[in-house]
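Structural overview for review
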Amino acid sequence: MSTQQIVAVGIPVASPVMGEMVTILSIDGGGIRGIIPATILDFLEGQLQDLDNNTDARLADYFDVIAGTSTGGILATMITAPNENNRPFASAKEIVPFYFDNGPKIFPPGRPFPLFGPKYDGIALHQVLQEKLRETRLHQALTDVVLPTFDIKKNKPIIFAKSEIANSPELDGKMSDICYGTAAAEIYLPPYHFVTDDGKGNQTDFNLVDGGTAAANPALVALSIASRRAAEEDPAFRSIKKLNYTEVLLLSLGTGTTEDFDKTYTAEEAAGWGALQWLFHNYPPSPLLQFAHKGGSYMNDYYIATLFHALNADKNYLRIQENALTGSTTAIDNATEANMNLLVQVGENLLKKPVSKEDPETNEVALKRFAKLLSDRKKLRANKASH
């Protein structure tokens with residue numbers, strides 16, 4: 001996809017003092033399964049608090065770029081949107097309770113898929129986002145936030161990024177609107193329309209659906225944002241101007257897949273499929289949507305892992321993903337208390353699993369190593385700022 005096909009929106013961020021490493025956090029989409037990365041983030045933030053002996057330490061203090069798609073966008077916003085004290089309005093440990101409190105309202109259990117129209121009306125999601133975020137706008141985020149969406153009227157991805165376009169203040173939307181836009185999963189929630197005003201009477205409208213249509217795994221988008229900031233001489237990103245990703249620390253969190261046990265198809269089985277089968281065979285999910293989302297997410301991980309490996313920087317990239325979801329945990333909208341408890345357990349068990357088949361290091365150990373690097377980098381920047 002050419003750069004002309006993508007619109008990146010936002011306004012400048014204050015550049016931190018030059019440090020030795022650019023740090024990126026990326027969170028996939030996946031509905032109620034956002035509980036899985038939320039559990040991982042709770043562990044990571046706890047490690048950072050212990051290392052720095054600071055119970056007020058928050059993830060936004062340690063990451064230069066935080067990207068999130070769909071439910072990942074809501075997570076990213078929760079840990080970067082400011083409260084009245086200009087601190088993140090939610091700590092990582094408050095995110096899982098957020099899902100338990102609001103998941104059943106957003107996804108009322110027991111509702112069947114209708115023949116026509118989306119499964120849910122989206123009113124509860126919009127209300128909770130407005131209640132939590134109020135009038136907070138993208139430029140107020142406490143670090144560079146990247147929220148992919150897809151505009152069905154413009155027929156192109158819209159990437160809302162705090163750092164991206166200094167000359168388009170009219171695109172500085174309310175975070176509640178942007179969050180709903182990136183979370184408006186086709187079939188489940190209706191597309192979302194909102195209008196922004198640049199303060200000079202110029203209005204811009206958006207007609208958005210699920211950010212997963214653009215980037216179910218937003219890690220590559222986040223890496224591109226960081227690279228662009230480096231190319232534009234942002235002093236905090238000078239170390240990667242030559243695409244030196246040995247100076248990048250990238251944590252990418254998935255929301256789980258059924259890859260290890262998934263229903264697959266043979267060419268012979270699908271040879272006679274027409275439009276209805278490609279759209280509705282074993283529905284939901286639609287095979288077309290399933291393949292598109294999984295393919296895009298996998299290729300993002302494949303590309304990034306290959307890039308870091310080529311630079312002998314494998315340990316700088318950590319992808320944490322559960323590939324063996326089964327039963328009720330596979331659904332993106334099963335917000336029963338029993339299923340949400342299972343998702344918490346999935347996240348906790350994931351910490352004990354190896355990073356990959358090739359790397360026996362557990363995710364827990366890898367996260368502790370990441371936490372130490374994040375803490376050291378933050379202290380380094382603080383020391384440079386004081387001189």
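Data block above holds the structure.
The text that follows walks through the structure, step by step, so that each part is easy to find. It should be emphasised that the depicted structure is a prediction, and the values quoted were computed from it without experimental measurement.

Another point: the overall build of the protein. From N to C terminus, the protein includes 12 helices and 9 strands. For the protein, the spread of C-alpha atoms along the three principal axes comes to 65 × 55 × 40 Å. Looking at the protein as a whole, 52% of its 387 residues are labelled buried. In the protein, once contacts between residues fewer than 6 apart in sequence are set aside, the share between residues at least 24 apart is 75%. Here the protein displays about 17,400 Å² of accessible surface, and carbon together with sulfur accounts for 54% of that area.

What follows covers the pattern of salt bridges. Across all of its chains, the model carries 18 salt bridges by this definition. Here Asp52 and Lys379 are joined by a salt bridge, their closest N and O atoms 3.5 Å apart. A residue pair is termed long-range when its members are at least 10 positions apart, and Asp52 in helix α1 (residues 35–52) and Lys379 in helix α12 (residues 363–385) qualify at 327 residues. Look at Lys379 and you get partly exposed, because its relative accessible area is 40%. Arg381 serves as the salt-bridge partner of Asp64, at 2.7 Å between the closest nitrogen and oxygen.

With their axes 9 Å apart at the nearest point, helix α4 (residues 123–133) and helix α5 (residues 175–183) run at an angle of 150 degrees to one another. For α4 against α5, the interelement crossing comes out right-handed. Seen from α4, the contacting residues are Leu125, His126, Leu129, Gln130 and Leu133; seen from α5, they are Met175, Ser176, Asp177, Cys179, Tyr180 and Ala183. When its residues are assigned to classes, the contact of α4 with α5 shows 7 nonpolar, 3 polar and 1 charged.

Time to look at the packing of aromatic side chains. In the structure shown here, the tally under the stated rule is 9 aromatic pairs. Between Lys378 and the ring centre of Tyr62, over which it is positioned, the NZ or CZ distance is 5.6 Å.

This part covers the pairing of strand β3 (residues 65–68). Residues Val65 and Ala67 of β3 are buried on one face, and the alternating residues Ile66 and Gly68, pointing to the opposite face, are buried as well. With 4 bridges joining them, strand β2 (residues 22–27) and β3 adopt parallel strand pairing. What sits directly across from Leu25, in β3, is Ile66. Between β2 and its parallel partner β3, the chain crosses via α1, and the hand of that crossover is right-handed. Bridge count between β3 and strand β4 (residues 144–151): 3 bridges; the pairing is parallel. Each residue of the ladder has a partner; that of Val65, found in β4, is Asp144.

What follows is about a nonpolar patch on the surface. Taken together, the side chains of Leu276, Leu279, Phe280 and Leu288 make up a nonpolar region of the molecular surface, amounting to roughly 390 Å² of accessible area. The dominant element in the nonpolar patch, judged by the number of residues it contributes, is helix α9 (residues 275–280), at 3 residues.

Here the phi dihedral of Asn86 falls at roughly 60 degrees; this positive angle occurs in a residue that is not glycine. For Asn86, the position within the fold is in the loop between α2 (71–78) and α3 (95–106). With a phi angle near 60 degrees, Asn155 is a residue other than glycine that sits in the positive phi range. Mapped onto the fold, Asn155 is located in the loop between β4 and β5 (156–161).

All right, on to α12 then. The terminal C-alpha atoms of α12, which comprises 23 residues, lie 32 Å apart, in line with the 33 Å expected from a rise of 1.5 Å per residue. Along α12, the positions that sit buried rather than exposed are Asn363, Glu364, Ala366, Leu367, Phe370, Ala371, Leu374, Ser375, Arg377 and Arg381.

What follows deals with the side chain of Thr71. Among the secondary structure elements, Thr71 is positioned in helix α2. Separated by 3.0 Å, the side chain of Thr71 and the backbone oxygen of Gly31 make a polar contact. The contacts of Thr71, once residues within four sequence positions are left out, are Asp28, Gly29, Gly30, Gly31, Gly34, Tyr99 and Thr255.

This paragraph deals with the side chain of Thr136. Looking at the secondary structure, you find Thr136 in the loop between α4 and β4. Given a relative accessible area of 12%, Thr136 falls into the buried group. Excluding residues that lie within four positions of it along the chain, Thr136 makes contacts with Ala81, Pro82, Gly173, Lys174 and Met175.

Next up on the list: α3. Those residues of α3 that fall on the buried side of the exposure criterion are Ile95, Val96, Phe98, Tyr99, Asn102, Gly103 and Ile106. Seen from one end, α3 has its buried residues packed into an arc of 145 degrees, which puts them on one side. Away from its buried face by more than 90 degrees, α3 exposes Asp101 and Lys105. Looking at the buried residues of α3, the elements they touch are α1, α2, α4 and α11 (337–352).

It is worth spelling out the environment of Gly256 at this point. Of note, Gly256 is situated in the loop between β8 (248–253) and α8 (267–270). Accessibility expressed as a relative area gives 4% for Gly256, which makes it buried. Gly256 sits 74 residues away from Thr330 along the chain, and the two C-alpha atoms are 7.8 Å apart. Those residues in contact with Gly256, other than ones at most four positions away along the chain, are Arg33, Ile36, Gln321, Glu322 and Leu325.

Conventions we followed
Residues numbered from 1 in each chain as written. Predicted model: local features only at pLDDT ≥ 70, side-chain atom pairs only at ≥ 80, totals over all residues. Heavy atoms only, no water. Helix = DSSP H or I, 4+ residues; strand = E, 2+ residues; numbered from the N terminus. Buried < 20%, exposed > 50% of the residue type's maximum accessible area, 1.4 Å probe, protein only. Contact = heavy atoms within 4.5 Å. Areas by Shrake-Rupley, 256 points an atom, 1.4 Å probe, with all protein chains shown as cover. Salt bridge = Lys/Arg side-chain N within 4 Å of Asp/Glu carboxyl O. Axes fitted to C-alpha atoms, helices over the stretch in contact; angles between N-to-C directions. Left-handed = near helix turned anticlockwise from the far one by under 90°. Nonpolar A, V, L, I, M, F, W, Y, C, P; charged D, E, K, R; others polar. Phe/Tyr/Trp six-rings, centres within 6.5 Å; stacked < 30°, edge-to-face > 60°. Lys NZ or Arg CZ within 6 Å of the ring centre and 35° of its normal. Pairing = 2+ DSSP bridges. Right-handed = clockwise from strand over helix to strand, strands pointing away. Patch = residues over 30% accessible without salt bridge, like charges linked within 9 Å, V, L, I, M, F, W, Y side chains within 5 Å. Expected span 1.5 Å × (residues − 1). Polar contact = N/O pair within 3.5 Å; in protein donor to acceptor, adjacent residues only side chain to side chain. Arc of directions from axis to C-beta.

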